[in-house]
Amino acid sequence: MRLALLPLLFAPLLAQGAGLVVCTEASPDGFDVVRYNSLTTTNASADVLMSRLIEFDPESGQLQPGLAQDWQVSADGLVYDFQLREGVAFHRTPWFTPSRMLTAEDVAFSFQRMLDPAHPWHKSAPSGYPHAQSMQLGELIRSVEAVGPQQVRFTLARPDATFLATLSMGFASIYSAEYAAQLLAAGTPEKLDSQPVGTGPFVLKRYQKDAVVRYTAHPDHFAGKPAIDNLVLAITPDASVRLQRLRRGECQIALSPKPQDVRAAQDAPTLAVAATPAFMTAFVALNSQHPPLDKPAVRQAINLAFDKASYLKAVFEGSAQPAEGPYPPNTWSHAADLPGYPHDPARARELLTSAGLAEGFKTTIWTRPGGSLLNPNPTLGAQLLQADLARVSIQAEIRVIEWGELIRRAKAGEHDLLFMGWAGDNGDPDNFLTPQFACASVESGLNFARYCDARLDQLIAAGRRSNDRTERSRLYEEAQKLIREQALWVPLAHPTAAVLLRKGVEGYRANPFGRQDFSKVRLER
């Protein structure tokens, strides 16, 4: 009955001249992207509504101008001067009419809000600013100044090789200081999360939670008006239903397909597949603050108990490479010679005995209800892990938690074993290490292993400071060895970033980070 009703549910999308309909897997957490860390939220906010000083071009692997048309860096690596584009227009919406174009004041506001605890907007994020906090930008950036109407100066406390790449990430999006002042004066700063304003290629029109997000093209976008007038994100948690809707023409793009759906689309005359190796890692995070997971031997035993080869075959169906550590193989400091943990239940039982747990223990496995690129079949994956742990006397209860609630509670450290994934944002290897393993990331909630170690923290920090790629690689390889020894994750897979399309969708490119650019898409009728 549920499937039979789908054409009726989607009829309004098509009847209203939706333009491009994208079937996506989950609702965004909100639209104030600096407050969140999920890729779903980045896709629905930063990628369509916002712009950044610098953008990362995944095809060339190079940084390129965004809102900043050029920039200069001082010889000591401490001062960055950005020259903004002229004539960049903010969105006009029912809730805001801008009186001016983008200026340096907007850039200064966007960063000062996150970095300065005394800023009037700083407390507008109840759970903080996870990326800014985990990357310790408050300590790194001494000041952000509007030194001219179109000139912005960042002064750093120390050299940082990752700084420019960091500015291309979704959380570094630029907001309207004028709109923020309007909301603050009205006593409604919370509306920034539901009624956003940016300079991106699309303007938010309406959002119905767990149903649909509607956008219209930004007619005055600095890079040119998008080819499609309307964009709809149709929230469809079930991957199989996303494929069905794509087949029926109820959407033209379907994100996060299951491996078998990719094969089906490749064989379908009306469908196509866009794919690229993903700069991502799927993993199970082991909460090192929850006994007995605080013991390295126990975490190692869990790694040894899990039959990863069977998991990859059953869940990813040959569409992903096995992960041995945090980095995808296409990362320039990937420790290719560092072995992963073999499947060795006997050795796992020995380690548990040495830890005083010969009779095993009870724990929980947290996972999401709907599939995603990094977790195509959450229920099956959790069941396979549960069965393997039971064979070494670890009794694990599976808890399926809605995605938004899962993220919120995991960031608070409530989980034991957590199926999770991480997508790099800017091509720099630090974008895996700092968010997932730095001590500051425990406080911000992104460090899902909840592990803080002075030596590991020093290696990560030293890698950020150095501009020598050879030296950075040496430091990061040493960090990877520590992460493996401590068994902070059960590394699972490096997937292929695949997206399903209907024939006639032109201009779409699969992104290795899972980011979405619909501004260049056009529909051939």
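If you're wondering where the values come from, they're calculated on a predicted model, not measured in any experiment.

Q: Go over the overall build of the protein chain, please, and point to the residues and values.
A: From N to C terminus, the protein chain includes 19 helices and 20 strands. For the protein chain, whose C-alpha radius of gyration is 23 Å, the value lies close to the compact-globule estimate of 24 Å for 525 residues. Structurally, the protein chain occupies a C-alpha span of about 70 × 60 × 40 Å along its principal axes. Out of the 525 residues in the protein chain, the part that is buried amounts to 60%. Summarising the internal contacts of the protein chain: among those between residues at least 6 apart in sequence, 72% fall at separations of at least 24. Surface summary for the protein chain: the accessible area is close to 20300 Å², and the carbon and sulfur share equals 50%. Positive and negative side-chain charges in the protein chain, numbering 52 and 55 respectively, have mean positions lying 5 Å apart.

Q: Tell me about the pairing of strand β8 (residues 202–208), and name the residues and values.
A: Bridge count for β8 against strand β9 (residues 212–217) is 6 bridges, and the pairing is antiparallel. In the sheet register, F202 faces β9, and the bridge partner there is A217. Two successive antiparallel strands, β8 and β9, enclose a turn made up of 3 residues, where D210 displays a positive phi of approximately 65°.

Q: For the nonpolar core, give the residues involved together with the corresponding values.
A: Core analysis: the largest hydrophobic core is formed by 75 residues, its most contacted members being L53, F111, F154, Y215, I253, Y508 and F518. Tallying contributions element by element places helix α4 (residues 104–115) first for this core, with 7 residues. Excluding its chain neighbours within four sequence positions, the residues that come into contact with F518 are L20, V22, V48, F202, I228, L231, L233, I253 and Y508. Residues A305, L351, V490 and L492 belong to the second largest nonpolar core, which totals 42 residues.

Q: Any chance you could break down the packing of aromatic side chains for me, citing the residues and the numbers?
A: Overall, the coordinates contain 19 aromatic pairs when judged by the stated rule. Ring centres of F279 and F513 lie 5.5 Å apart, and the angle between their planes is 65°; this geometry places the pair in the edge-to-face category. In this pair, F279 sits in the loop between β12 (271–277) and β13 (280–286) while F513 sits in the loop between β19 (505–506) and β20 (522–523), placing the two residues 234 residues apart along the sequence. Classification of F279 by relative accessible area gives buried; the value is 4%. A residue is classified by how much of its surface remains accessible, and F513, at 5% relative accessible area, is buried. Judged by centre distance (6.5 Å) and plane angle (40°), the ring pair of W332 and Y476 falls under tilted. Of the two residues, W332 sits in the loop between β14 (320–322) and α13 (345–354) while Y476 sits in helix α19 (residues 469–486), which places them 144 residues apart along the sequence. You can call W332 partly exposed: its relative accessible area is 27%. Judged by its relative accessible area of 0%, Y476 is buried. An aromatic cluster of three or more residues is present, and its members are W71, Y80, F82, F111, F154 and F163. The lysine or arginine in question, R368, covers the ring of W403, its NZ or CZ lying 4.1 Å from the ring centre. Over the aromatic face of Y341 sits the side chain of R484, whose NZ or CZ is 4.3 Å from the ring centroid.

Q: So what's going on with helix α10 (residues 259–267)? Residues and values would help.
A: P259, D261, V262 and A265 are the residues of α10 that are buried. Seen end-on, α10 carries its buried residues on one side only, within an arc spanning 160°.

Q: Break down the sheet that holds strand β6 (residues 141–148) for me, with residues and values.
A: An order of β4-β5-β7-β6 is seen for the 4 strands of this open sheet, with the pairing classed as antiparallel. At either end of the open sheet lies a strand with only one pairing partner, and these are β4 (68–73) and β6. For this sheet, the mean angle separating the axes of adjacent strands, direction not counted, is 20°. Relative to strand β5 (residues 79–84), β4 is paired through 5 bridges, and the arrangement is antiparallel. Note that in β5 the partner of W71 across the bridge is F82. Strands in contact with α4 are β5, β6 and β7 (151–156); relative to β6, the strand with the most contacts, it is inclined by about 165°.

Q: Summarise helix α18 (residues 454–465); cite the residues concerned and give the values.
A: Over its 12 residues, α18 runs 16 Å from end to end, which matches the ideal 16 Å to within 8%, given 1.5 Å per residue. When α18 is considered as a whole, its buried residues turn out to be L456, L459, I460, A461, A462, G463 and R464. Where the residues of α18 are buried, they touch α16 (430–437) and α19. The distance from a side-chain oxygen at the start of α18 to the backbone nitrogen of R455 is 3.1 Å, and the residue carrying that oxygen is D453.

Q: Run through unusual backbone geometry, naming residues and quoting values.
A: The omega torsion across P291 and P292 is 0°, close enough to zero to call that bond cis. Along the chain, P292 turns up in the loop between β13 and α11 (296–305). The phi torsion at Q136 lies on the positive side, around 55°, for a residue other than glycine. Looking at where Q136 falls in the secondary structure, it is placed in the loop between α5 (130–134) and α6 (137–140). Judged by its relative accessible area of 15%, Q136 falls in the buried class. The backbone of S256 shows a phi angle near 50°, a positive value even though the residue is not glycine. Tracing the chain through its elements places S256 in the loop between β11 (253–254) and α10. Judged by relative accessible area, S256 falls into the buried class, the value being 11%.

Q: Give me the lowdown on the packing of α11 against α13, citing residues and values where you can.
A: Between α11 and α13, the least distance of the axes is 8 Å, while the angle of their chain directions is 165°. Relative to α13, the element α11 lies roughly antiparallel. The crossing of α11 and α13 is left-handed. Between α11 and α13, the residues in contact are A297, V298, Q300, A301, L304 and A305 and P345, R347, A348, L351, L352 and S354, respectively.

Here is what the cut-offs are and how they apply
Residues numbered from 1 in each chain as written. Predicted model: local features only at pLDDT ≥ 70, side-chain atom pairs only at ≥ 80, totals over all residues. Heavy atoms only, no water. Helix = DSSP H or I, 4+ residues; strand = E, 2+ residues; numbered from the N terminus. Rg over C-alpha atoms; globule rule 2.2 N^0.38 Å. Buried < 20%, exposed > 50% of the residue type's maximum accessible area, 1.4 Å probe, protein only. Contact = heavy atoms within 4.5 Å. Areas by Shrake-Rupley, 256 points an atom, 1.4 Å probe, with all protein chains shown as cover. Lys, Arg positive; Asp, Glu negative; His and termini not counted. Charge placed at Lys NZ, Arg CZ, Asp CG, Glu CD. Pairing = 2+ DSSP bridges. Core = buried A, V, L, I, M, F, W, Y, C linked by side-chain atoms within 4.5 Å. Phe/Tyr/Trp six-rings, centres within 6.5 Å; stacked < 30°, edge-to-face > 60°. Lys NZ or Arg CZ within 6 Å of the ring centre and 35° of its normal. Arc of directions from axis to C-beta. Axes fitted to C-alpha atoms, helices over the stretch in contact; angles between N-to-C directions. Expected span 1.5 Å × (residues − 1). Polar contact = N/O pair within 3.5 Å; in protein donor to acceptor, adjacent residues only side chain to side chain. Parallel < 35°, antiparallel > 145°, perpendicular 65-115°, else oblique. Left-handed = near helix turned anticlockwise from the far one by under 90°.

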